[in-house]
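Chain residues, written in single-letter form:
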Amino acid sequence: MSFVRACALAELKAGTALAVEVDGEDVAVVRSGDDYFAIADLCSHAAIPLSEGDVEDGEIECYLHGSRFDLRTGKPTGLPATEKVAVYPVRVEGDDLLVDVTSPTN
């Protein structure tokens, strides 16, 4: 695995997403409760940045049409999206969140 620093933990408040670029990939890093996630920053339905959507109960919602995605699996949990988005392994190291975009989990 090839973990790269995505952001400082202090940049992510609970229930928020942040757009970052990791090794050339657009990624939304997300804090849901005390858990951290990294998901491709592009809705599979309408090519809208997921980082601009709402985060709640382990899901992120695309602001444009309301598609929802499970942050653990990338699977859509609400229409109109029907295709998964990539999710990436994350690791906390000190005060930083690291992401490995070379090993999507789906």
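To start, this report covers the structure provided alongside it. Nothing here was measured: the structure is a model prediction, and the numbers come from that model. Every residue gets a number counted from 1 within its own chain, in the order that chain's sequence is written. Local features in this predicted model are restricted to residues of pLDDT 70 or higher, and side-chain atom pairs are both shown and tallied only at a pLDDT of 80 or more, whereas totals for entire chains, interfaces and linings draw on every residue. Excluded from the side-chain calculations are hydrogens and water; all other atoms, namely the structure's heavy atoms, are used.

Focus: the pattern of salt bridges
Two side chains that carry opposite charge are able to pair once their charged atoms sit near each other.
Working step 1: When a carboxyl oxygen of Asp or Glu is within 4 Å of a side-chain nitrogen of Lys or Arg, the pair counts as a salt bridge. Using the criterion set out here, one finds six salt bridges in the structure.
Working step 2: D34 is the salt-bridge partner of R31, the closest N and O atoms lying 3.5 Å from each other.
Working step 3: Summary of the burial criterion: residues with accessible area below 20% of their type's maximum are buried, those above 50% are exposed, and those between are partly exposed, where the area comes from a 1.4 Å probe applied to protein chains only. The class for D34 is exposed, based on a relative accessible area of 67%.
Working step 4: The partner of R91 in a salt bridge is E93, with the nearest N and O atoms 3.6 Å apart.
Working step 5: When salt bridges with common partners are traced through the structure, they connect E59, E61 and R68 into a single cluster.

Brief notes about the environment of P80
Working step 1: Mapped onto the elements, P80 comes out in the loop between β8 (76–78) and β9 (87–88).
Working step 2: Note: C-alpha distance between P80 and E11 (69 residues apart in sequence) is 30 Å.
Working step 3: Contact definition: two residues touch when any of their heavy atoms are within 4.5 Å. When neighbours within four sequence positions are excluded, P80 is seen to be in contact with H45, H65 and S67. Numbering of helices and strands starts at the N terminus; helices are DSSP runs of H or I of at least 4 residues and strands are runs of E of at least 2.

Description of the sheet that holds β8
Working step 1: Here the rule is simple: two strands pair whenever DSSP picks up at least two bridges between them. Spatial strand order, β5-β6-β7-β8: four strands in an open sheet with antiparallel pairing. Sheet topology places β5 (54–56) and β8 at the edges, where each strand pairs with a single neighbour. When strand polarity is set aside, the average angle formed by the axes of neighbouring strands in this sheet is 30°.
Working step 2: In terms of strand pairing, strand β6 (residues 59–61) meets strand β7 (residues 68–70) through three bridges, oriented antiparallel. Bridge assignment links E61 to a residue of β7, and that residue is R68. The angle between two axes is taken between their N-to-C directions and runs from 0 to 180 degrees, where each axis is a line fitted to C-alpha atoms and a helix contributes only its stretch in contact.

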